[in-house]
Structure formats: C-alpha cells, structure tokens
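Residue-level structural notes
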Protein chains: 2
Amino acid sequence: MSTETEPRWRRLEPDQRREQILDCAIRLFGERPYAEVSTTDIAREAGVARGLINHYFGSKRGLYLEVVRRMVTVPIADRSAVPDGSLAERVEFSVDWLLDVISARGKTWVAVLGTEGVGNDPEVERILAEADEMAAENLVRTVGMRDAEPAGAELRALVRAFGGMVKAAGREWITHGTLTREQVQLVLTEQLTALLGETFPHLQRM
Amino acid sequence: MSTETEPRWRRLEPDQRREQILDCAIRLFGERPYAEVSTTDIAREAGVARGLINHYFGSKRGLYLEVVRRMVTVPIADRSAVPDGSLAERVEFSVDWLLDVISARGKTWVAVLGTEGVGNDPEVERILAEADEMAAENLVRTVGMRDAEPAGAELRALVRAFGGMVKAAGREWITHGTLTREQVQLVLTEQLTALLGETFPHLQRM
DNA sequence: AGTTGCTATTGACAGAGTGACAACAACTTG
DNA sequence: CAAGTTGTTGTCACTCTGTCAATAGCAACT
C-alpha cells in the first residue's frame, strides 16, 4: 500500500496565487455588484481559505480596487502602423483601433464599465481618471496633434469628454445592439474629426 | 411643576418619513461608496431607528435603488420656450438648458454619476438606461427632429451616445474645472449640431 | 378629560460577513 | 533527512443586516 502523502493544498508563488485570486475576483465582481460578492465566494471560487485574500490584498476593498485597476488598463497603441495622411485618415485609424480594443474585451469590458453607480469613491475615481487621462493622451499622440502643445490641457479635456461618447457608443453597440460596429465607427470618426478639426480651433479663440 | 409629557419621537405621515430618510440616504451615498455607508449611519442621520429603514424600503439595497432612481431623473424640458429657428439654434437652446440642469444639481449630480464602478448590476443598469432613454427622447423632441421618425431608434441611440459626452464634459467642467461652462457649451453645441445635421443623414444611408 | 383603536416606530435578536492573528504544513536548502 | 522559511489555514471578535414582536404617538369617540 502506497503511503499516499498527497498534500491537501499546493503552495504557489505569491505572484501566481495573487493572480489566481484576482482572476476569480474579476469574474465574480463582473457578475454581480460589490456588496453581493462575499470574500467567502471569492475564496471558494479560488479554492482557497478566506484569510488568504486578506493576506494578499489587505481587505475586500483592496481587492476590489485592484480589480478596477486591472480592468481599466488599456493597452498602448502600436503607433508604428499609424498612417501619415490627413487628420481625417489618422482619426479613422485611431477610432478603428479603439473599437478593436473594445471588441476584444467585449462582454467583460461592458459588464465592468457599463454601470454607473451612485456613490462618491475617490479612490476608484482616481483610478478611472488616470486611465481616461492615459487613453486621451494616447489618442492625441496617435492622431499626431502634438503640435497643439500650448493648449494641451484643453485638448486633452476635450478628448476625455469624447471618451465618454466612446464608452456610451460602445455600450449601444456591444450590449444593446442598437448600432452596428460600422455605424459606431462612422459616428465616432466624424465626431472626433469635427472635434479636433473644427471645435478645438474655435475653443482656442475664446 | 409641569407634567412635561414630551414625546420621545414624532409620528409622521409615511410619505414624509420616507422622504426624510431618502434625503439623508442621498446625502450619505453621495459622500462615500455603498459599502462604506451603513444603515446605522443613515438611521442616525435621520434620527430614526434602524429598523424603520427596512420597514419603508425593504432592504439597504432597496433604499439604494430608490436613491439612484431619484437622482437620475431629469426634469422634462419646457418646450414652450423652444425657439423656432434653425437646427443650430434649437440645438444651442437645448444644450444651454441641459447645462442649466447640470449646474443646478452641481456637485451632487457629479458625485452621483461621476464614478463608474466595476460590477454588473442589472437593476441599476435598467434605471440608468431608462433615464438615458427619457433624456434622449426629450432632447430629440426639443430640437424638433420628430420628422425623422422612421429611423427613430437609431437617432435615439445616437443621442444616447452623445449623452455620454454630456456627462463626461460635465465632469470636466464641474469637478475638474478643466473646461469653463462656455467652452462646454460650445463643444456640445457644435458636436450635437454635427451629429444631427451631418452624421445622422450619413448613417441613414448605410 | 378619559378611553379606545390604529399604526408608525422602536428595540432586541439571530444570522452572515469581515479583518486579525497565531498555528500549521508545504516546500526548499544544507 | 533535518531544519528553516513562508505560503496557507482556521478560528475568534467585531460589525452589519434583516426580522419581528412589543411599544407608544396620535386621532377619534365617548
């Protein structure tokens, strides 16, 4: 008879275990609202003791913030493929790339950023603000508007505002199916072109 | 010596008490996130026994949904004052009215819709979707695009997407102060004009 | 004024969830 | 194989939520 000394649990590298718990948390937080997800649920999902969550993330809230941070991070554009054409062409390229990103995340993206809840959460707000800022910065670079440097702050504010429409249009497309990708592409391209080509110059003369 | 039989608590009409609790809940939920607000806090703020909250709203979540519903409801535009001019003029009027509404709610509005959290909450989503739908419907009527009836669904989807930009621009103005009201006015007016006058016709030919 | 009835409101209780921490066990190293 | 390292567990104390029977404000009617 074999002395089956099969261990009751496996000991993982901290990074691996962290990642595993984070994955489960992302899934569960994506399914139902914060208060409806207990750390017990997450622990069970990860096949782990509940206390381990506190060990790695301090508190439930800490884990949640980590989830938000993870989900909101947008990949940086590969600018090597950006065409050198007119503003309209570069904008079209950028929008297309944006929609690719949204499409890739698909349901998860929507499930995560789809709901605007009530409740002032400075920490979450900061994370999202930073993400929006990076996305805006990135978009500005991609369409090559760097020459407008002096009014950079206003330009980025404009683009962040545009980001709101991107998200809303994305929801119309992905979740509600009221617009096709082609339609969203058209709308966002025309709007962003007008924003950068027309409105922005007007704004600078105020 | 007077037989001071001062009552320990006053008995209110259900509607009044409901309203009072709701007011306190709105204030507190506007200050910190859902999980950080306990029903004990709300009860104390309202000077009321905790159990009463459950009596009126069933659960903490029920109260929360009521708060969201209340905060998200946008007053109907007074169409009697809408000018009969060009599309651009009507759009300008509508945007101005929108900004008035946002301005009136001010910090509260932002505190409420400012944070996009993570977590799929169908109920909250439904409430917000309905509110957006009503706002879009209202805006479409105000700018007098009712003639575009056959493509009403797409038009409203477009306007809902635009609503995303309204919110984002409002945040830039109210909370971050990166744009002035005049700038936001200009941006939204031009964008909406282009959306309705240019992009929408283009969209119909797809 | 005293009594009665209705119901808004309270207070206590049970169950569930969270965070802290000491003890344990899987794995590494010599 | 022994000893140390540390990832992991399980329990304890505390807080929060929802339920419910008991209480008390108030109006109506003697």
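You'll find the structure just up there.
Now for a quick tour of the structure. (Residues numbered from 1 in each chain as written. Chains lettered and ligands numbered in written order. Predicted model: local features only at pLDDT ≥ 70, side-chain atom pairs only at ≥ 80, totals over all residues. Heavy atoms only, no water.)

1. A few points about the protein's contact with DNA strand D
- DNA strand D sits among 26 residues. The nearest are Arg17 and His55 of chain A together with Arg11, Thr39 and Arg50 of chain B.
- Of all elements in the fold, only helix H1 (14-31) and helix H3 (50-57) of chain A together with helix H2 (39-46) and helix H3 (50-57) of chain B reach the threshold of two or more residues within the surface near DNA strand D.
- Take the surface near DNA strand D: its biggest share by element is 5 residues, from H3 of chain A.
- Residue classes in the surface near DNA strand D are distributed as 10 nonpolar, 7 polar and 9 charged. (Near = heavy atom within 4 Å. Helix = DSSP H or I, 4+ residues; strand = E, 2+ residues; numbered from the N terminus. Nonpolar A, V, L, I, M, F, W, Y, C, P; charged D, E, K, R; others polar.)

2. As for the interface of chain B and chain A
- Each side of the interface is counted separately: chain B has 53 residues, and chain A has 53 residues.
- Buried area between chain B and chain A, both sides added, is near 4,800 Å², and the carbon and sulfur share of it is 58%.
- The salt bridge involving Glu172 of chain A is made with Arg160 of chain B; its shortest N-O contact spans 2.7 Å.
- On inspection of chain B and its partner chain A, the count reaches 10 residue pairs in polar contact (both at pLDDT 80 or more).
- Grouping the amino acids of the side of chain B that touches chain A by side-chain chemistry returns 27 nonpolar, 12 polar and 14 charged. (Contact = heavy atoms within 4.5 Å. Buried area = accessible area lost by both parts, 1.4 Å probe. Salt bridge = Lys/Arg side-chain N within 4 Å of Asp/Glu carboxyl O. Polar contact = N/O pair within 3.5 Å; in protein donor to acceptor, adjacent residues only side chain to side chain.)

3. Quick word on the protein's contact with DNA strand C
- The environment of DNA strand C is formed by 26 residues, the closest being Arg11, Thr39 and Arg50 of chain A together with Ala49 and Tyr56 of chain B.
- At a separation of 2.4 Å, a base nitrogen of DNA strand C approaches a polar side-chain atom of Arg11 of chain A.
- In the environment of DNA strand C, a sugar or linking oxygen lies 2.9 Å from a nitrogen or oxygen atom belonging to the side chain of Arg11 of chain B.
- For the surface near DNA strand C, the secondary structure elements donating two or more residues are helix H2 (39-46) and H3 of chain A together with helix H1 (14-31) and H3 of chain B.
- Ranked by residue count, the leading element in the surface near DNA strand C is H3 of chain B, at 4 residues.
- Tallied by class, the residues present in the surface near DNA strand C amount to 10 nonpolar, 8 polar and 8 charged.

4. A few points about the pattern of salt bridges
- On inspection of all chains with the given rule, the structure shows 34 salt bridges over all chains.
- The partner of Arg18 of chain A in a salt bridge is Glu66 of chain A, with the nearest N and O atoms 3.6 Å apart. With Arg18 of chain A in helix H1 and Glu66 of chain A in helix H4 (residues 60-72), the pair connects residues that are 48 residues apart, well separated along the chain.
- Through salt bridges that share partners, Glu133, Glu137, Arg141, Arg156 and Arg160 of chain A together with Glu172 of chain B make up one connected network.

5. Focus: the relation of the copies chain B and chain A
- The two copies are related by a screw operation: chain B maps onto chain A through 180 degrees of rotation and 0.0 Å of translation along the axis, at an RMSD of 0.2 Å. Taken together, the turn and the small shift mark the pair as related by a two-fold rotation axis.
- Most of the interface of chain B is mirrored in chain A, where 100% of its interface residues again form contacts. (Least-squares fit on C-alpha atoms with pLDDT ≥ 70 in both.)

6. Comments concerning helix H6 (residues 122-142) of chain A
- A rise of 1.5 Å per residue sets the reference length of H6 of chain A, with its 21 residues, at 30 Å; its end C-alpha atoms lie 30 Å apart and thus fit the reference within 8%.
- Of all the positions in H6 of chain A, only Val124, Glu125, Ile127, Leu128, Ala131, Ala136, Asn138, Leu139, Val140 and Thr142 of chain A are classed as buried. (Expected span 1.5 Å × (residues − 1). Buried < 20%, exposed > 50% of the residue type's maximum accessible area, 1.4 Å probe, protein only.)

7. Here's the deal with the nonpolar core
- Counting residues in hydrophobic clusters, the biggest one holds 60 residues, and the most contacted among them are Leu188 of chain A together with Leu188 of chain B.
- Every element with two or more residues in this core is listed here: helix H5 (87-113), H6, helix H7 (152-176) and helix H8 (181-204) of chain A together with helix H5 (87-113), helix H6 (122-142), helix H7 (152-176) and helix H8 (181-204) of chain B.
- Setting aside residues no more than four positions away along its own chain, Leu188 of chain B makes contact with Val95, Leu99, Phe162, Met165, Val166 and Ala169 of chain B. (Core = buried A, V, L, I, M, F, W, Y, C linked by side-chain atoms within 4.5 Å.)

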